Amino acid sequence: SIDEFTDAIALSDEPAMVLFGTPTCGHCRAAKPHWASFEREFWTEKRLVRVADVDCVASKDICDWHGVSSYPTIKYFDGENGEFGGEYKRAVTYDALAAFAEHYLID
């Protein structure tokens, strides 16, 4: 639900990055290996940045609430940019995601 997403991700004190996509989106599928590597290192192993996915078919309400109109859309939440976060507008590669997180989200 929107409230659960907002509490767990958007208004959390932990920095987060969220990929909004759909299962049939070709660009989303192409991004998945990079996103999975980023998630494994920055969340699963190091607990530095919470990494999450939102399926915009199953959770259309969350995507609509966040103004997502193209896929994939990646947003970041840093505890200072409010419940709607900021839009990540760089390449969806592991190196670009890692560089962004290290520069902007990790103290």
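Since the model is a prediction, treat every value here as computed from it, not as a measurement.

S.K.: I'm lost on the sheet that holds strand E4 (residues 86–88) in this one. Help?
M.R.: Within a sheet, each strand pairs with its neighbour through backbone hydrogen bonds, oriented either parallel or antiparallel. Across the sheet, which stays open at both edges, the four strands sit in the order E2-E1-E3-E4 with mixed pairing between neighbours. Only two strands of the sheet have a single partner each, and these edge strands are strand E2 (50–55) and E4. Sheet twist, expressed as the mean angle between neighbouring strand axes with direction ignored, is 30°. As defined by bridge partners, strand E1 (residues 16–21) adjoins strand E3 (residues 73–77) across five bridges and the pair is classed as antiparallel. Opposite phenylalanine 20, over in E3, you have threonine 73 as the bridge partner. Seen against the sheet, helix H2 (residues 26–45) touches E1, E2 and E3 and runs at an angle of roughly 150° to E2.

S.K.: I keep staring at H2 and nothing clicks. Help me out?
M.R.: For an α-helix, the turn length of 3.6 residues means that residues three or four places apart are oriented alike. The terminal C-alpha atoms of H2, which comprises 20 residues, lie 28 Å apart, in line with the 28 Å expected from a rise of 1.5 Å per residue. At lysine 32, H2 is bent by approximately 40°, the largest bend along its length, and proline proline 33 sits one to four residues beyond. When we look at burial in H2, the residues that qualify are Cys28, Ala31, Trp35, Phe38, Phe42 and Trp43. Buried positions along H2 lie against E1, E2, E3 and helix H4 (94–105).

S.K.: Mind showing me how you'd approach H4 here?
M.R.: End to end, H4 covers 15 Å across 12 residues, agreeing with the expected 16 Å (1.5 Å per residue, within 8%). Among the residues of H4, those classed as buried are Ala96, Leu97, Ala98, Phe100, Ala101 and Leu105. On its buried face, H4 is in contact with E1, H2, E3 and E4.

S.K.: Whenever I open this one, the packing of aromatic side chains confuses me. Can you help?
M.R.: Working definition: an aromatic ring pair is given by the centre-to-centre distance plus the angle between the planes. A complete count under the given rule lists eight aromatic pairs for this structure. Between phenylalanine 5 and phenylalanine 77, the ring centres sit 6.0 Å apart and the planes meet at 75°, which makes this aromatic pair edge-to-face. Remark: phenylalanine 77 occurs in strand E3 and phenylalanine 5 occurs in helix H1 (residues 2–10); sequence separation between them is 72 residues. An identical accessibility class is assigned to phenylalanine 5 and phenylalanine 77; each is buried.

S.K.: I keep staring at the side chain of threonine 73 and nothing clicks. Help me out?
M.R.: Relative to the elements of secondary structure, threonine 73 occurs in strand E3. Among the residues examined, threonine 73 registers a relative accessible area of 5% and is labelled buried. Among the polar contacts listed, one links the side chain of threonine 73 to the backbone oxygen of serine 70, at a separation of 2.5 Å. In contact with threonine 73, not counting residues within four places along its chain, are Val18, Leu19, Phe20, Val68 and Glu87.

Conventions adopted
- Residues numbered from 1 in each chain as written.
- Predicted model: local features only at pLDDT ≥ 70, side-chain atom pairs only at ≥ 80, totals over all residues.
- Heavy atoms only, no water.
- Pairing = 2+ DSSP bridges.
- Helix = DSSP H or I, 4+ residues; strand = E, 2+ residues; numbered from the N terminus.
- Axes fitted to C-alpha atoms, helices over the stretch in contact; angles between N-to-C directions.
- Contact = heavy atoms within 4.5 Å.
- Expected span 1.5 Å × (residues − 1).
- Bend = angle between axes of the 7 residues up to and from the residue.
- Buried < 20%, exposed > 50% of the residue type's maximum accessible area, 1.4 Å probe, protein only.
- Phe/Tyr/Trp six-rings, centres within 6.5 Å; stacked < 30°, edge-to-face > 60°.
- Polar contact = N/O pair within 3.5 Å; in protein donor to acceptor, adjacent residues only side chain to side chain.

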